[in-house]
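Overview (structure and organization)
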Amino acid sequence: MKSFLPIAVVFALTTSGAALADDDCRRPMAEWQPRAAVTDRVATLGIATERLRIDDGCYEVRGRDGDGNRVELKIDPASLAILELEVRFRPGADPSRYLPAARKATR
């Protein structure tokens, strides 16, 4: 029984670390799109880039949309696919821009 506890602790620590590592982008740098392509991609979404950085192998963009809402994006460096999107809406802002189902209902 005494040997079981250290094994359980090691197992718990290694599996939790593996779960956290899944948040990283794992593309070779040779496949990455340039920063200008990221800025252009974000601009097509109507977001003005204020900060562009690399974190855990992904592009992370902070900016504002046309309504002045703060937007944060996590983007795959090779495909420029949006992996995460966080919007901090201003008071009274219309979130339908980010909810495709809401746009269809209002038309």
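Here the structure is a predicted model, which means the values were calculated and not measured.

**Describing the environment of Ile47**
- Of note, Ile47 is situated in strand β1 (residues 47-55).
- Taking relative accessible area as the criterion, Ile47 reaches 5% and is therefore assigned buried.
- Counting along the chain gives 25 residues from Ile47 to Glu72, while the straight-line C-alpha distance between them is 9.7 Å.
- Not counting chain neighbours up to four residues away, the residues in contact with Ile47 comprise Val42, Gly63, Arg64, Asp65, Val71, Leu73 and Arg97.

**A word on the nonpolar core**
- Counting residues in hydrophobic clusters, the biggest one holds 14 residues, and the most contacted among them are Val38, Val42, Tyr59, Val61, Val71, Leu73 and Ile75.
- Broken down by secondary-structure element, the contributors of at least two residues to this core are α2 (35-44), β1, β2 (58-65) and β3 (70-75).
- Excluding residues that lie within four positions of it along the chain, Leu73 makes contacts with Val42, Ile47, Tyr59, Glu60, Val61, Ile82, Glu84 and Leu85.

About the criteria used
- Residues numbered from 1 in each chain as written.
- Predicted model: local features only at pLDDT ≥ 70, side-chain atom pairs only at ≥ 80, totals over all residues.
- Heavy atoms only, no water.
- Helix = DSSP H or I, 4+ residues; strand = E, 2+ residues; numbered from the N terminus.
- Buried < 20%, exposed > 50% of the residue type's maximum accessible area, 1.4 Å probe, protein only.
- Contact = heavy atoms within 4.5 Å.
- Core = buried A, V, L, I, M, F, W, Y, C linked by side-chain atoms within 4.5 Å.

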